[in-house]
Amino acid sequence: MRRNVGKATDTIRARRAARVAEVPDWEALRDAGAAIKARAMASLPEQLERLEAAVTRAGGQVHWARDADECNAIVGAIAGEHGAREVIKVKSLATDEIGLNDALAAQGVEAIETDLAELINQLGHDTSSHILVPAIHRNRAEIKLLFEHTIARGQDLGWEITAIAEAARRHLREKFLSVPVATSGANFAVAETGTIGVVESEGNGRMCLTLPRVLITVMGIEKVLPEWRDLEVFLQLLPRSATGERMNPYTSLWTGVRAGDGPQEFHLVLLDNGRTDVLADEVGRQALHCIRCSACLNSCPVYSRVGGHAYESVYPGPIGAILTPQLRGLEHAPTLPWASSLCGACYEVCPVKIDIPSVLLHLRARVVREYKSRRSPEALAMEAVGRVFGSQRRYEQAQKLARLGRGPIVTAALPGWSAMRGLPEVPEQTFREWWRSRPPRAAGGGAAQ
Amino acid sequence: MRVALFITCFNDTLFPQTGRAVVTLLERLGCEVDFPEAQTCCGQMHTNTGYRERGLALARRFEQVFADAEVVVSPSASCVAYLRENGAGLDGRLTELTEFLVDRLGVEDVGATFPHKVTLHPTCHSVRLMGIGDRPQRLLKQVRGIDLVELNDAAVCCGFGGTFAVKNADTSMAMLSDKLRDVLNSGAEVCTAADNSCLLHIGGALRHQRAGVRVMHVAEILAAT
Amino acid sequence: MSGGREAVLARVRAALGPAAEVPPVPRAYREAGALGARSDSAPADLFCERVADYRATVSRVSAEELPGALRAACEQREAQRVAVPAQAPPWTVDGVELVRDDPPLSPRQLDELDGVLSGCALAIAETGTIVLDGVGACGRRALTLVPDYHLCVVRSVDIVPSVPDCVAALAQVAAEGRPITFISGPSATVDIELVRVEGVHGPRTLDVFVVDS
């Protein structure tokens with residue numbers, strides 16, 4: 001799995017770099033993207049109301065969900081009203097976040113994932129390890145065998161990837177043509193016009209958004225964009241950052257319902273589920289700007305080594321490290337803010353300039369302030385070292401003790417260093433001791449200014 | 001020119017030779033070096049570990065200690081970046097060593113001689129946080145006899161990250177081992193950087209492997225004659 | 001579910017506090033119109049190049065050559081029954097039965113056809129993208145989705161240089177609530193070992209015909 005993830009991130013990273021290098025105004029696009037998101041968040045109540053009005057005007061129905069349970073209940077009720085036993089799904093991180101599939105299953109409705117990777121994970125009873133390529137932890141051999149045990153029972157699919165993908169196509173085509181209810185997420189929702197947008201590659205999105213009679217879109221409230229023209233920025237930032245393409249194969253943009261074309265019943269469910277908690281933190285709220293491109297995952301030396309499952313969340317990698325603790329509450333993910341060497345590679349590639357390192361530091365401070373004990377060994381050691389650094393005399397004393405392998409600095413550093421390879425050698429003479437030992441300079445010494 | 005030296009707690013205690021090299025180099029270039037002895041630590045470690053109040057208090061203390069200095073030079077890009085980030089950049093009077101040499105003194109040839117094969121590890125904090133650019137490379141290129149070789153995947157983090165190396169030791173070591181492989185593949189005799197924190201991490205592993213490659217701060221190469 | 005609405009909006013307002021500053025948006029990127037006029041032939045050249053990058057087949061023809069090109073393509077793909085939008089121009093393709101979407105074809109009927117022939121609303125040169133807007137020669141959405149083979153006629157005069165040009169040109173379409181589909185190559189996935197596999201659910205074959213007027 002580590003090899004698959006590592007190779008994946010290397011490849012996507014190179015592609016992204018090439019496609020970004022082509023764009024002469026990339027930095028200006030990032031600045032605009034960051035500002036549009038900040039503007040959307042700062043005026044969120046107004047934007048959500050505009051969006052609701054526009055969608056309703058166009059024949060759609062808008063629902064509001066405070067939390068996962070409420071959202072699942074809304075979706076379940078609509079499915080129930082239509083007597084649906086199955087719903088087809090376009091990949092949606094928001095629906096993973098709320099556990100929609102399990103909630104629907106509890107009322108006897110089967111949610112069928114139609115993205116190839118989601119299908120793979122669903123058949124393998126697995127969870128996603130990457131935002132964009134969720135089954136990247138599995139190689140073709142594993143997928144072939146999985147399919148031969150499930151959707152392509154009794155067949156020998158061979159080792160060609162096209163044949164493996166073909167098995168998925170055949171299996172799902174039947175569903176697309178017959179299942180009357182679909183759910184999706186949304187990449188964007190334009191408040192000005194009520195347009196909802198889904199960006200995808202395989203065509204299963206278009207299938208789910210077009211063929212069924214009823215479409216239910218679950219969308220985090222942070223996805224709203226104020227103006228139609230804002231799309232011109234994100235339709236450039238997202239494909240290049242996500243898959244390193246100039247444009248992804250399919251983008252669908254629709255408004256409400258359209259007679260004679262597509263679903264005749266459209267429901268938009270606006271989801272909070274902790275987003276307002278993130279919004280309440282002035283520094284942390286930039287995490288809501290995320291457009292789910294996964295560029296940060298692909299540039300992160302930590303993520304590429306530990307993979308997505310280690311983050312125990314729908315949102316892995318750098319963005320996950322700042323979003324998950326804020327969405328779920330810091331006490332539920334207290335170590336995530338430390339899962340970073342603060343190298344800053346993520347910030348460099350983020351298309352909307354989320355300053356992930358700064359937010360990590362901010363969350364570390366919040367965890368220490370709000371959840372850590374002041375009497376813990378670490379807190380006491382940091383306090384002691386802090387006092388040492390607060391005074392020249394104590395500091396110089398601590399330096400001498402460190403040379404002897406003792407004292408507050410050593411006590412603070414010991415747990416970590418001994419876990420690795422022992423304390424570093426402390427030289428015989430500190431810099432300041434050398435400085436003091438220098439012969440006094442001749443009067444007027446040093447070249448004239 | 002009179003400059004005050006901010007040596008940093010790390011270098012003061014663990015890498016005094018870097019401090020000695022900075023003094024030698026600056027004096028050779030005609031500067032008069034002061035060392036305000038009340039200086040201790042900038043507070044980065046505390047802030048990075050989540051103890052922000054103490055970290056900021058130390059940044060404020062730094063400002064007081066250097067209040068009267070015209071120019072402050074430090075051989076630690078990460079400390080300089082941290083202080084600037086937290087409003088303690090002394091209104092531009094605080095500079096990192098390579099910034100001082102290239103921007104303030106306007107020199108790239110500092111009169112150094114170091115006939116060895118050297119590779120530069122561009123530390124994450126110097127490049128991404130402080131914007132050091134190619135100043136270290138420009139200075140190193142002018143060193144007589146030097147053979148500067150490329151480091152593969154140079155911009156990838158070495159895995160130190162301060163408390164990260166402690167709290168996430170496995171991942172940190174995995175990152176370190178990739179960096180080490182790249183250093184060894186470069187064929188260099190010396191691995192250099194603008195931050196000793198990374199060199200502590202890399203150097204430790206090089207010694208452990210008895211690789212015969214040593215680490216030296218950029219200042220030490222620039223001071224060599 | 002109005003309880004949820006009031007609660008969520010109240011939470012949002014509480015989170016933002018009394019006077020959340022709404023920042024302006026700097027638009028220093030290349031906006032609509034920045035890359036030159038639509039009548040410039042360069043967009044068509046770039047468009048063809050970029051579409052070919054996605055492994056769609058692209059041919060450049062005159063209006064007179066179009067029927068022949070369509071016939072040749074259908075012959076090569078062995079397409080004999082091809083859907084066309086209800087409001088499509090009076091295209092004819094020798095040897096191919098063009099099945100008009102009027103009355104609307106069911107998904108299963110579409111699935112049984114060999115392909116679909118459509119026009120487009122506009123196209124983007126920089127990204128090799130075809131844009132459909134649900135009316136006229138574009139047809140309703142299901143039409144260009146279900147059949148496995150999509151032949152698309154793009155008038156070179158409808159090719160705009162950049163994404164911002166396209167979004168600006170679609171402002172009225174969006175205001176009217178028409179469904180918009182961007183197509184950039186045949187459908188693909190990179191989910192298996194990051195090898196791009198063409199053709200999963202959308203049309204697996206895309207032949208583009210750029211018609212110079």
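Residues numbered from 1 in each chain as written. Chains lettered and ligands numbered in written order. Predicted model: local features only at pLDDT ≥ 70, side-chain atom pairs only at ≥ 80, totals over all residues. Heavy atoms only, no water.

Visitor: For this particular structure, what's the right way to read the nonpolar core?
Guide: The nonpolar side chains of a soluble globular protein tend to be buried, and buried together. Counting 142 residues, the largest nonpolar core has F147(A) and F182(C) as its most contacted members. What F147(A) contacts, discounting residues up to four positions off in sequence, is L116(A), L119(A), I120(A), L123(A), A152(A), R153(A), L157(A), I164(A), A167(A) and A168(A). In this structure, V22(B), V102(B), V110(B) and I221(B) belong to the second largest nonpolar core, which totals 37 residues. (Core = buried A, V, L, I, M, F, W, Y, C linked by side-chain atoms within 4.5 Å. Buried < 20%, exposed > 50% of the residue type's maximum accessible area, 1.4 Å probe, protein only. Contact = heavy atoms within 4.5 Å.)

Visitor: I would appreciate a short explanation of the domain arrangement of chain B in the present structure.
Guide: By a widespread convention, an interface's size corresponds to the accessible area lost as its parts come together. Residues and elements named next belong to chain B. When its domains are assigned, chain B resolves into domain 1 (2–104) and domain 2 (117–223). One C-alpha centre belongs to domain 1, the other to domain 2, and the line joining them spans 21 Å. The interface of domain 1 with domain 2 comprises 27 residues on the first partner and 21 residues on the second. Roughly 2,000 Å² of surface becomes buried between domain 1 and domain 2 when both sides are summed, with 66% attributable to carbon and sulfur atoms. Remark: the boundary between domain 1 and domain 2 carries one salt bridge. Among the salt bridges present, the one from R135 reaches D103, with a minimum N-O distance of 3.1 Å. Summed over the shared surface of domain 1 and domain 2, the number is 10 residue pairs in polar contact (both at pLDDT 80 or more). Contributions of two or more residues to the side of domain 1 that touches domain 2 are made by α1 (9–14), α2 (16–28), α3 (44–49), α5 (77–85) and α6 (97–104). A per-class count over the side of domain 1 that touches domain 2 returns 12 nonpolar, 10 polar and five charged. (Domains from an automatic or database assignment. Buried area = accessible area lost by both parts, 1.4 Å probe. Salt bridge = Lys/Arg side-chain N within 4 Å of Asp/Glu carboxyl O. Polar contact = N/O pair within 3.5 Å; in protein donor to acceptor, adjacent residues only side chain to side chain. Helix = DSSP H or I, 4+ residues; strand = E, 2+ residues; numbered from the N terminus. Nonpolar A, V, L, I, M, F, W, Y, C, P; charged D, E, K, R; others polar.)

Visitor: Would you explain the domain arrangement of chain A in this entry?
Guide: Entries for chain A in the domain assignment read domain 1 (39–276) and domain 2 (373–415). Look at where the C-alpha atoms of domain 1 of chain A and domain 2 of chain A centre, and you get two points 53 Å apart.

Visitor: Looking at this model, I keep getting lost on the packing of aromatic side chains. Mind explaining?
Guide: In this description, an aromatic ring pair is defined by two values, namely the gap between the centres and the angle between the planes. The tally for this structure, following the rule as stated, stands at 11 aromatic pairs over all chains. Note on W254(A) and F266(A): the rings are 5.7 Å apart at their centroids and 80° apart in plane angle, and the pair reads as edge-to-face. One end of the pair, W254(A), is in strand β9 (residues 250–254); the other, F266(A), is in strand β10 (residues 265–271), with 12 residues separating them in the sequence. When sorted by exposure, W254(A) lands in the same class as F266(A), which is buried. Considering the side-chain rings of F431(A) and W435(A), the 6.3 Å spacing of their centres and the 35° angle between planes classify their relative orientation as tilted. Here F431(A) and its partner W435(A) are both found in helix α21 (residues 431–437), four residues apart, which amounts to about one turn of the helix. A single burial state applies to F431(A) and to W435(A), both of which are buried. Grouped by ring-pair contacts, the aromatic residues F431(A), W434(A), W435(A) and F35(B) constitute a single cluster. A cation over a ring is seen here: K372(A) above W338(A), with NZ or CZ 4.4 Å from the ring centre. Here K167(B) stacks its cationic end above the ring of W338(A), 4.8 Å away from the centre of that ring. (Phe/Tyr/Trp six-rings, centres within 6.5 Å; stacked < 30°, edge-to-face > 60°. Lys NZ or Arg CZ within 6 Å of the ring centre and 35° of its normal.)

Visitor: Where do I start with the confidence of the model for chain A in this structure?
Guide: Reading fine detail from the predicted coordinates is not recommended where pLDDT is low. Mean pLDDT over chain A: 90, with 93% of residues reaching 70 or higher. Within the model, the stretch residues 443–449 of chain A combines pLDDT values under 50 with four contacts to residues more than four positions away or in other chains. (pLDDT = per-residue confidence, 0-100.)

Visitor: Just to check I follow, could you spell out the sheet that holds strand β8 (residues 159–160) of chain C for this structure?
Guide: Through backbone hydrogen bonds, the strands of a sheet pair up, either in parallel or in antiparallel fashion. A sheet is described by the order of its strands in space; here eight strands give the open sequence β8(A)-β5(A)-β6(A)-β9(A)-β9(C)-β6(C)-β5(C)-β8(C), paired in mixed fashion. Of all the strands in the sheet, just β8 (224–225) of chain A together with β8 of chain C have a single pairing partner and so form its edges. Pairing analysis gives three bridges linking strand β5 (residues 122–124) of chain C to strand β6 (residues 129–132) of chain C, with the strands arranged antiparallel. From the neighbouring strand, I124(C) faces β6(C), where its bridge partner is T129(C). Relative to the sheet, helix α11 (residues 231–242) of chain A contacts β5 (188–190), β6 (195–200), β8 and β9 of chain A together with β9 (180–183) of chain C, its axis offset from that of β5(A) by approximately 170°. (Pairing = 2+ DSSP bridges. Axes fitted to C-alpha atoms, helices over the stretch in contact; angles between N-to-C directions.)

Visitor: How should the sheet that holds strand β3 (residues 97–100) of chain C be read in this particular structure?
Guide: Residue and element names in this part refer to chain C. The parallel open sheet is built from six strands, whose spatial order is β1-β12-β7-β4-β2-β3. The sheet is open, and its two borders are formed by β1 (57–62) and β3, each paired with just one other strand. On average, each strand axis in the sheet is tilted by 25° relative to the strand beside it, whichever way the strands run. Pairing of strand β2 (residues 81–84) with strand β4 (residues 115–118) involves two bridges; the strand directions are parallel. Note that in β4 the partner of A83 across the bridge is V116. Each of β1, β7 (149–155) and β12 (205–212) is contacted by helix α2 (residues 42–53), which is oriented at about 150° to β1, the strand it contacts most. Against the sheet, helix α3 (residues 66–77) contacts β1, β2, β4, β7 and β12, and its axis sits at roughly 170° relative to β12.

Visitor: Sorry, what's going on with α3(C) here?
Guide: Residue and element names in this part refer to chain C. Across its 12 residues, α3 extends 17 Å between first and last C-alpha, which sits within 8% of the 16 Å expected from 1.5 Å per residue. Among the residues of α3, those classed as buried are L66, A69, L70, A73 and C74. The buried residues of α3 occupy an angular sector of 130° when projected down its axis, which confines them to one face. Residues of α3 that are exposed and point more than 90 degrees away from the buried face comprise E75 and Q76. Contacts made by the buried residues of α3 are with β1, β2, β4, β7 and β12. Among the residues trailing α3, E78 stands out with phi positive, at a value near 60°. (Expected span 1.5 Å × (residues − 1). Arc of directions from axis to C-beta.)

Visitor: Would you mind showing me how to read the pattern of salt bridges here?
Guide: Side chains that carry opposite charge are capable of pairing whenever their charged atoms lie near each other. A full pass over the atoms with the stated rule returns 61 salt bridges over all chains. Linking R229(A) and E232(A) is a salt bridge whose minimum nitrogen-to-oxygen distance equals 3.5 Å. Owing to a relative accessible area of 35%, R229(A) belongs among the partly exposed residues under this scheme. For E232(A), a relative accessible area of 2% puts it in the buried group. For R5(C), the salt bridge is made with E6(C), and the minimal N-O distance between the two is 3.2 Å.

Visitor: Looking at this structure, how should I read the packing of helix α2 (residues 26–42) of chain A against α11(A)?
Guide: Angle between the axes and distance between the axes: these two values describe a pair of packed helices. All names here are of chain A. One can describe the packing of α2 onto α11 by two numbers: an axis separation of 10 Å at closest approach and a directional angle of 115°. Looking at the two axes, α2 sits roughly perpendicular to α11. Classified by chirality, the crossing of α11 by α2 is left-handed. Listed contacts from α11 to W26, L29, R30, A32, G33, I36 and K37 of α2 are V233, F234, Q236, L237, R240 and S241. A breakdown of the residues in the contact of α2 with α11 according to their chemical character gives seven nonpolar, three polar and three charged. (Parallel < 35°, antiparallel > 145°, perpendicular 65-115°, else oblique. Left-handed = near helix turned anticlockwise from the far one by under 90°.)

Visitor: How should the interface of chain B and chain A be read in this particular structure?
Guide: Contacts between chain B and chain A engage 58 residues on the former and 55 residues on the latter. Summed over both partners, the interface of chain B with chain A buries about 5,000 Å², with 59% contributed by carbon and sulfur atoms. Together, E37(B), Y51(B) and R128(B) form the three largest contributors to the area buried by chain B at its contact with chain A, with a combined 12%. Summed over the shared surface of chain B and chain A, the result is seven salt bridges. Among the salt bridges present, the one from R438(A) reaches E27(B), with a minimum N-O distance of 2.8 Å. Counting across the chain B and chain A interface gives 21 residue pairs in polar contact (both at pLDDT 80 or more). Per element, the largest residue contribution to the side of chain B that touches chain A is seven residues, and it comes from helix α10 (residues 169–185) of chain B.

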